[in-house]
Amino acid sequence: MAGARAGAPAPAPFLQRGSGKLGPLCGPSDIRVALVSTLRDVEDQFLQWLEWFRLIGFAHLFLYFDDPDQDEAAIAAARSTYSGEFVSFALNSPELRKEWMSLRSWEKFSPFTDDRMCRQLLNIAHALKRAREPDEAVDWMFHLDHDELFLPPPHGLQAHFQHLEAGNCRLCLYQNFEAAPQSHTLTPFLDVSYFKVPSGRVSKTPLGAAGMEFWAQRTKAHNYFLYYDNGKSAVKIPAQGSEDIAPTSVHVLYPPNNFKEFIVGNMGWTTFAEHELFEMNLTWMKACHDEIVVGAKVLHYPATHFERLWRKYHHLGNFPAVRFGGELVVPASFHLEARDEYLKYSDKTTQQEKLKELLERAAFLSDEEVQSQLETGSVVSIDTVRESLRQGVWIPPRQLRPSLFSLLQRRPSKEAMERMQRMRRMPAEVLFEAVGLLKMESLDQGLQKVVEQLETRGWAACHLGLHGKLMDRARLEASQLKPKMSKGATVIENRVVDPTESPNALRGDWTLFMQEQGLTGPKGPAPTLTMLESALTDLGMQLDPRLRRSRLQLRITERCDGMLACYEEGGAYSAHLDNADGDGRVDGRVLTMVMYLNQNWDRRAGGELAIFEPEKGELGDEQVEGKWYMVSPEANTLVLLLADRVLHEVRSAYAERYALSMWFCGQHAEYGGS
Ligand SMILES: O=C(O)CCC(=O)C(=O)O
Ligand SMILES: [Fe+2]
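Residues numbered from 1 in each chain as written. Chains lettered and ligands numbered in written order. Predicted model: local features only at pLDDT ≥ 70, side-chain atom pairs only at ≥ 80, totals over all residues.

**Observations concerning the overall build of the protein chain**
Along its length, the protein chain carries 21 helices and 32 strands. Considering the protein chain as a whole, with its 674 residues, one finds that 44% of them fall into the buried category. (Helix = DSSP H or I, 4+ residues; strand = E, 2+ residues; numbered from the N terminus. Buried ≥ 20, exposed ≤ 12 C-beta atoms within 10 Å, placed from the backbone.)

**Looking at the sheet that holds strand S12 (residues 286-287)**
Read across the sheet, nine strands follow the order S1-S4-S3-S2-S5-S10-S7-S11-S12 without closing on themselves; strand pairing throughout is mixed. The open sheet has two edge strands with one neighbour each: strand S1 (15-17) and S12. Bridge count between strand S7 (residues 171-174) and strand S10 (residues 232-236): four bridges; the pairing is antiparallel. Paired with Leu171 across the strands is Val235, a residue of S10. (Pairing = 2+ DSSP bridges.)

**Here we look at the pairing of strand S30 (residues 637-642)**
Across the six residues of S30, six count as buried, placing the element largely inside the fold. Side-chain alternation along S30 places Thr637, Val639 and Leu641 on one buried face and Leu638, Leu640 and Leu642 on a second face that is also buried. Note that strand S19 (residues 459-463) and S30 share five bridges and pair antiparallel. Looking across to S30, one finds that Ala461 is bridged to Val639. Where strand S27 (residues 589-596) meets S30, five bridges bridge the pair, whose relative direction is antiparallel. Residue pairing for S30: Thr592 is matched across the bridge by Leu641.

**Things to note about the packing of helix H13 (residues 334-344) against helix H14 (residues 348-363)**
Between H13 and H14, the least distance of the axes is 9 Å, while the angle of their chain directions is 155°. For the element pair H13 / H14, the angle class is roughly antiparallel. As H13 runs across H14, the sense of the crossing is right-handed. Between H13 and H14, the contacting residues are Phe334, Ala338, Glu341 and Tyr342 on the first element and Gln351, Lys354, Leu355, Leu358 and Ala362 on the second. (Axes fitted to C-alpha atoms, helices over the stretch in contact; angles between N-to-C directions. Parallel < 35°, antiparallel > 145°, perpendicular 65-115°, else oblique. Left-handed = near helix turned anticlockwise from the far one by under 90°. Contact = placed C-beta atoms within 7 Å.)

**A closer look at helix H6 (residues 157-166)**
Along H6, the residues that are buried comprise Leu157, His160, Phe161 and Leu164. Viewed end-on, H6 has its buried residues packed into an arc of 90°, placing them on one side of the element. Positive backbone phi, approximately 65°, marks Asn168, located one or two places after H6. (Arc of directions from axis to C-beta.)

**Section: helix H2 (residues 72-81)**
When we look at burial in H2, the residues that qualify are Ala74, Ile75 and Ala78. Down the axis of H2, the buried side of the element spans an arc of 100°, and every buried residue falls inside it. Residues Ala73, Ala76 and Ser80 are exposed on H2 and point more than 90 degrees away from its buried face.

**Structural notes on the sheet that holds strand S6 (residues 148-151)**
The strand order across the open sheet formed by five strands is S6-S13-S8-S9-S16, and the pairing between neighbours is mixed. Each edge of the open sheet carries a strand with a single partner, namely S6 and strand S16 (379-381). In this sheet, adjacent strand axes meet at a mean angle of 35° when their direction is disregarded. The pairing of strand S8 (residues 176-179) with strand S13 (residues 297-300) spans three bridges and is classified as parallel. Paired with Glu178 across the two strands is His300, which belongs to S13.

**Some remarks on the site of ligand 1**
Within the structure, ligand 1 sits among Ala565, Tyr573, Asp578, Val594, Leu609, His648, Val650, Ala659 and Ser661. Put simply, the parts of the chain that give the shell around ligand 1 at least two residues each are strand S31 (648-653) and strand S32 (657-668). Of the residues in the shell around ligand 1, the class split is six nonpolar, two polar and one charged. (Near = placed C-beta within 6 Å. Nonpolar A, V, L, I, M, F, W, Y, C, P; charged D, E, K, R; others polar.)

**Examining the packing of helix H1 (residues 46-55) against H2**
For the pair H1 and H2, interaxial distance at closest approach is 10 Å and the crossing angle is 35°. Relative to H2, the crossing made by H1 is right-handed. Taking contact as the criterion, the partners of Phe46, Leu47 and Leu50 in H1 are, on H2, Ala74, Ala77, Ala78 and Thr81. When the residues that make up the contact of H1 with H2 are grouped by side-chain class, the tally is six nonpolar, one polar and no charged.

**Some words on the nonpolar core**
Within the largest apolar cluster, 105 residues are counted, with the highest numbers of intra-cluster contacts made by Ala34, Leu35, Leu61, Trp140 and Met141. For this core, the leading source of residues is helix H5 (residues 116-130), giving seven residues. Residues contacting Trp140, with those up to four places away along its chain left out, are Ile31, Val33, Ala34, Phe161, Ala234, Val235, Lys236 and Ile237. Counting 71 residues, the second largest nonpolar core, distinct from the first, contains Leu543, Ile556, Cys560 and Leu597. (Core = buried A, V, L, I, M, F, W, Y, C linked by C-beta atoms within 7 Å.)

**Brief notes about the environment of Asn258**
The topology assignment puts Asn258 in the loop between S10 and helix H9 (259-265). In this structure Asn258 comes out as buried when scored by C-beta crowding, with 20 C-beta atoms within 10 Å. Separated by 15 residues in sequence, Asn258 and Glu243 place their C-alpha atoms 9.5 Å apart.

**Regarding the confidence of the model for the protein chain**
Here the protein chain averages 86 in pLDDT, and 89% of its residues register 70 or above. Contacts for the low-pLDDT stretch residues 1-9, under 50 throughout, to residues beyond four places or in other chains number two contacts. With pLDDT under 50 throughout, residues 399-410 is counted as low confidence; its partners more than four residues away or in other chains account for 34 contacts. (pLDDT = per-residue confidence, 0-100.)

**Thoughts on the environment of Glu307**
Checked against the element boundaries, Glu307 lands in helix H12 (residues 306-316). Look at Glu307 and you get partly exposed, because 13 C-beta atoms sit within 10 Å. The sequence separation of Glu307 and Leu355 amounts to 48 residues, and the corresponding C-alpha distance is 8.4 Å.

**Let's talk about unusual backbone geometry**
Even without being a glycine, Asp41 presents a positive backbone phi close to 55°. Considering the arrangement of structural elements, one finds Asp41 in the loop between strand S2 (33-39) and H1. Although it is not a glycine, Asp44 adopts a positive phi angle of roughly 80°.

**Brief notes about the pairing of S19**
Taking burial as the measure, the five residues of S19 include four buried ones, the bulk of the element. Note: strand S18 (residues 430-431) against S19, two bridges, orientation parallel. By the bridge assignment, Val430 is partnered in S19 with Ala461. Remark: the S18/helix H19 (residues 443-457)/S19 crossover connection has right-handed handedness. (Right-handed = clockwise from strand over helix to strand, strands pointing away.)

Below, the structure written as structure tokens:
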């Protein structure tokens, strides 16, 4: 080291950078997203954690080591693997503590530096200051721990932050999903793919409640999550010359004195639902439902191995439940239960054994429990971390697909159906027959009409007015994709469900989820279908504000992968609701769109979509009366229906009948969705 006296050991510089080969994957014109973390005892999972952030495109990681001697080996390994551009290491030392004193937060925190959370907050402020220096030039900063990952939405990190910036967002708070492991694992990122869904997203149905209760009764404190559930955030780095950020929470990175501009400018966005914000004291934030934002998550892996759990409580010892001079009280929780369990015994072997039992009881899932909790909606499967780390590239999360459970649930009783089948059938009115919805002078008026009909009747059929040649191309592309379609079978957890075993057998269609099969995109095998798919998405997004204002008070939050379907040789799909059980989640499917691709459809070939409209009573009533409205699957016809309310059926089709369907997920007002 330059300047070090010969013979004397060189003092460890408190700020070091990586010296290895692996650098960031983001480009020079990209938005630079960084991470700050205060770390301790990182072995077992450190390199995987770093690699994840590199693969998803983070620009720099600001790593603060709280107990650098203990993590010396891990630091050395990371330094020799990753470049100085990608990682830097700040070691807890007198030099660093001296720098804390110049921070805006110092005054508030100086009495509590013995508390780890306080050191975290000082390190965050320190990194936020460094991030503004020209050689770091960071745009956004996350604060995450080494058992947490940020999961970008399928569009990727760059698209996500471009979208935030375009919306004038300066702080985004993300909900956290808590790991639900199936066995002990020291490398959670590779081996854990089930996560507990945040409580606000679990369906408010008896089934959803049962899912929450399943978890709660496993711990003494009767909590759904074992650890925190209030999310983690990313903050936009202010321009040089503006006031330093002095966060007072490791969850929300802005201090109260910056709030005014946030409220006025609507700059705080979150993936938490609006109805949760009041209780969280976050009414100044905007609950954001853009597809490009809601898919983002923080994955939290707090308890995946008894040995790590033991090390944690061995280190924390008899920690007090009251912190920051009384400002923070740790409530009854798994955290305290684990502390008490640890303190009850004095020898390491027994402590480990007991914590192992505690962990298995509270956090782990058996195979059967996985299945039933997926059905309640308290658990989701997320494979993207494992797949990305295995393949060494970012593999975006899979698009949402209807679950097996909802497919099995969505038929009315046999008796009710038999009676309803005898009710009158008549041709459906197709709106905008003369011009077509997309050709109308005022699309606004057209959409308003559609919403009115959805309000009053639950469905609408419209003529779109697209060019005949376009429809021909779409139909040709669809028929070329036919060999790729699969027969009414559903793949769940890599197991193909036998169609003859389930009510799914009542489907006589061949289907294909386009995006999942990598068939979308202008350069793919189906550019016209891709275009139509985005036109449908666009219509959904344009309907959203109108649906919110309507009596339906419906809010669209996501869309599913577009589905191409073909019926032929008498194939039919008997009467069903697309989503009869809320899809086991709050944001179940609420709106269905089906667009037909068959020009000059020969009506003798049947294949109508029959929509049931009750006139007396409601769908579930034994005595319901109503009529069936028949839509011919003619090209350029679009049907919209409320996915969870409108019974419909596809009549036997005796010629190849192609349709492109799209489902939109969302929330009703009763879920706080308005
Ligand atoms: O193709 C149609 O007309 C509707 C298909 C349908 O109801 C479905 O796939 O759920
Ligand atoms: Fe359907």
